[in-house]
Amino acid sequence: RKLNMMAISTVKQIIENIPAPIFAYNKHERILFFNKVVAALFYDKKLPIPEMLHVWNIEDLFDNMTKELHFATIQEGKSHELKYSYEHGSIKKIFIPAKFIVKLETSEEPYNVIVLADIAPLLMQMQMIAYT
């Protein structure tokens, strides 16, 4: 039991410290967990984090949200063609999503995990290379 609690604690700390937004939601689109990077996106825009957080609350963070970009409709795996734009003041980020479906032995239903990778630095680097 102690080993199981240590493993769970370690996984939580790893998720919290990954420098990319990560969140999970169930079939009702209710957020099960999110890391501190997602919380920072809310804080930067001075938006409150609702007690009952849903997928659409996270979607409200992005400036270019369309029907095709809804997290519940994207396919499993990395989606290079989907880009989520986040801007607030001097902060500009462009995220591409990776979606995973997780089914635990102890859970009755699977849930979805979304990891957002910021590609804005890569795009800027590619622009710099193109200019030289």
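Structure's up top.
Residues numbered from 1 in each chain as written. Predicted model: local features only at pLDDT ≥ 70, side-chain atom pairs only at ≥ 80, totals over all residues. Heavy atoms only, no water.

1. A short note on the environment of Phe-33
Under the convention used in this document: Each helix corresponds to a stretch of at least 4 residues labelled H or I by DSSP, and each strand to a stretch of at least 2 residues labelled E; elements are numbered beginning at the N terminus. The criterion used for residue contact is that any of the two residues' heavy atoms lie within 4.5 Å.
Here Phe-33 is to be found in strand E2 (residues 31-34). When the C-alpha atoms of Phe-33 and Ile-101 are compared, they prove to be 14 Å apart, with 68 residues separating the residues in sequence. If we ignore the near neighbours within four places in the chain, the residues touching Phe-33 are Ile-15, Ile-22, Phe-23, Ala-24 and Tyr-111.

2. Notes on the nonpolar core
Side chains of nonpolar character tend, in soluble globular proteins, to be buried together. Here is the rule: Nine residue types can take part in a nonpolar core, namely buried Ala, Val, Leu, Ile, Met, Phe, Trp, Tyr and Cys, and a core is a set of them joined through side-chain atoms within 4.5 Å. Think of it in three bands: residues with accessible area under 20% of the maximum for their type are buried, residues over 50% are exposed, and the middle band is partly exposed, with areas taken using a 1.4 Å probe on protein chains only.
Judged by nonpolar contacts, the single largest core of 20 residues is most densely connected at Phe-23, Ile-58, Phe-62, Phe-71, Tyr-84 and Leu-116. Among the elements of the structure, strand E1 (22-25), helix H2 (36-44), helix H3 (55-59), strand E4 (84-88) and strand E6 (111-118) are those that each provide at least two residues to this core. The element contributing the most residues to this core is H2, with three residues. Those residues within four positions of Phe-71 in sequence are excluded, and the remaining contacts are Phe-23, Tyr-25, Val-55, Ile-58, Glu-59, Phe-62, Tyr-84, Lys-99, Ile-114 and Leu-116.

3. Remarks on the environment of Met-65
Secondary-structure assignment places Met-65 in the loop between H3 and strand E3 (77-78). Spatially, the C-alpha atom of Met-65 lies 17 Å from that of Val-115, the residues being 50 residues apart in sequence. Residue contacts for Met-65: discarding those within four places in its chain leaves Glu-59, His-70 and Tyr-84.

4. Considering the side chain of Glu-59
Heads up, the rule is: The charge count treats Lys and Arg as positive and Asp and Glu as negative. His and the chain ends do not count. The working definition used for a salt bridge is a side-chain nitrogen of Lys or Arg within 4 Å of a carboxyl oxygen of Asp or Glu. By the criterion applied in these results, polar contacts are pairs of N or O atoms within 3.5 Å in which, for protein atoms, one can donate a hydrogen and the other can accept it, and in which residues neighboring in sequence qualify only through two side-chain atoms.
On the secondary structure map, Glu-59 appears in helix H3. Comment: no salt bridge for buried Glu-59; closest opposite-charge side chain is Lys-99, at 9.1 Å. Separated by 2.8 Å, the side chain of Glu-59 and the backbone nitrogen of Phe-71 make a polar contact. Apart from the residues within four sequence positions on either side, Glu-59 is in contact with Met-65, Leu-69, His-70 and Phe-71.

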